[in-house]
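# Secondary and tertiary structure notes
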Amino acid sequence: MSRSAAGPEIERLIQLLAKLPGLGPRSARRAALHLLTRKDRLLEPLSDAMRVACERVATCSVCANVDTQDPCAICRDAKRDASVIVVVEDVSDLWALERSGAVSARYHVLGGTLSPLDGRGPEDLNIGTLVERAMAEEVTEVILAVNATVEGQTTAHYVTDALSETGVRVTRLAHGVPVGGELDYLDDGTLAAAIRSRTTF
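Anyway, here's the lowdown on the structure attached to this text.

### Section: unusual backbone geometry
Cis peptide bonds are those with omega within 30 degrees of zero, and the linkage from Asp70 to Pro71 qualifies with 0°. Within the secondary structure, Pro71 is located in the loop between strand E2 (66-67) and helix H4 (73-76). If you check the backbone angles, Ala64 has positive phi at about 75° while not being a glycine. Secondary-structure assignment places Ala64 in the loop between strand E1 (58-59) and E2. For Ala64, a relative accessible area of 15% gives the class buried.

Right under this line is the structure:
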């Protein structure tokens, strides 16, 4: 039977850190030790930032982004193109698109994908509110920026069907060879998608 070298408070910190994506038990132990040995410079400011975030951060009632205001800063930005709604699975996808600076539109976070195996159906996603938003007069296009997974594509088809009566144009992100990618290193599915989505040179 293994013994713990740390007290219950430290073990609790490790267990909570281990629940974060990308952190297993070993990584969580290293992260906890790093925080604890830098209490003044790291642990206390982090603890304060997490408390403030817990108190002030909320989900946007329009697009389901997270922010300290409702509606969020993106929904309140009058400079954005209100005729286009970019649909993403999670807030992390929204952040990734914002980092790229590739689009200046409004967003809609579904909150996941359809997954019968995980018991996640249409009623568990923000699809109804998306249809309501798409019915607004100024909306002309909905871009489906979902992952190229089986669940993502299933969700995309379902959302497309749900939007069919709104009259908006539904588009999706292109799939294929990434910028800087070498064909020899790509999987068969990516290569097939690239051939199907080929354009005039």
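Text resumes after the structure shown.
### Concerning the environment of Ile85
Here Ile85 is to be found in strand E3 (residues 81-88). A sequence separation of 54 residues divides Ile85 from Val139, and the C-alpha atoms of the two residues are 7.4 Å apart. Ignoring sequence-local partners within four residues, the contact set of Ile85 consists of Arg106, Tyr107, His108, Leu130, Arg133, Ala134, Val139, Glu141, Val142 and Ile143.

### Looking at the pairing of strand E6 (residues 169-172)
A regular strand carries its side chains on alternate faces of the sheet. Where strand E5 (residues 141-144) meets E6, four bridges bridge the pair, whose relative direction is parallel. Bridge pairing in E6 links Glu141 to Arg169. Tracing the backbone out of E5, into helix H7 (residues 150-163) and back to the parallel element E6 gives a crossover that is right-handed.

### Quick notes on the side chain of Asp67
Position of Asp67 among the secondary structure elements: in strand E2. Among the polar contacts listed, one links the side chain of Asp67 to the side chain of Thr68, at a separation of 3.4 Å. Beyond its immediate stretch of four places on either side in the chain, Asp67 contacts Arg56, Val57, Ala58, Cys72 and Ala73.

### Some remarks on the environment of Val142
Tracing the backbone through its elements, the reader meets Val142 in strand E5. On the basis of relative accessible area, Val142 is assigned to the buried category, the value being 0%. Among all residues touching Val142, those that are not within four sequence positions of it are Ile85, Val87, Ala134, Leu163, Val168, Arg169, Val170 and Thr171.

### Describing the pairing of E3
Most of E3 sits out of view: six of its eight residues are buried. Where E3 and strand E4 (residues 105-109) come together, five bridges link them in parallel fashion. The residue bridging Val88 from the neighbouring strand is Val109, located in E4. In this region the chain leaves E3, passes through helix H5 (residues 91-100) and returns to the parallel neighbour E4; the handedness of that crossover is right-handed. Pairing analysis gives four bridges linking E3 to E5, with the strands arranged parallel. When the sheet's bridge partners are listed, Val87 is paired in E5 with Leu144.

### Some details on the pattern of salt bridges
Counted under the stated rule, the structure contains six salt bridges. In this structure, the salt-bridge partner of Arg80 is Asp77, at a minimum N-O distance of 3.6 Å. On the basis of relative accessibility, which here comes to 11%, the residue Arg80 falls in the buried class. A salt bridge links Glu98 to Arg80, with the shortest nitrogen-to-oxygen separation between them at 2.6 Å. With a gap of 18 residues between them, Glu98 in helix H5 and Arg80 in the loop between H4 and E3 connect regions that are remote in the sequence. Salt bridges here are not isolated pairs; linked through shared partners, they connect Asp48, Arg51 and Glu55.

### Here's the deal with the state of the cysteines
This structure, assessed with the given rule, holds zero disulfides. Lacking any disulfide linkage, Cys60 is separated from the closest cysteine sulfur, that of Cys63, by 3.9 Å.

Rules behind the numbers
- Residues numbered from 1 in each chain as written.
- Predicted model: local features only at pLDDT ≥ 70, side-chain atom pairs only at ≥ 80, totals over all residues.
- Heavy atoms only, no water.
- Helix = DSSP H or I, 4+ residues; strand = E, 2+ residues; numbered from the N terminus.
- Buried < 20%, exposed > 50% of the residue type's maximum accessible area, 1.4 Å probe, protein only.
- Contact = heavy atoms within 4.5 Å.
- Pairing = 2+ DSSP bridges.
- Right-handed = clockwise from strand over helix to strand, strands pointing away.
- Polar contact = N/O pair within 3.5 Å; in protein donor to acceptor, adjacent residues only side chain to side chain.
- Salt bridge = Lys/Arg side-chain N within 4 Å of Asp/Glu carboxyl O.
- Disulfide = S-S within 2.5 Å.

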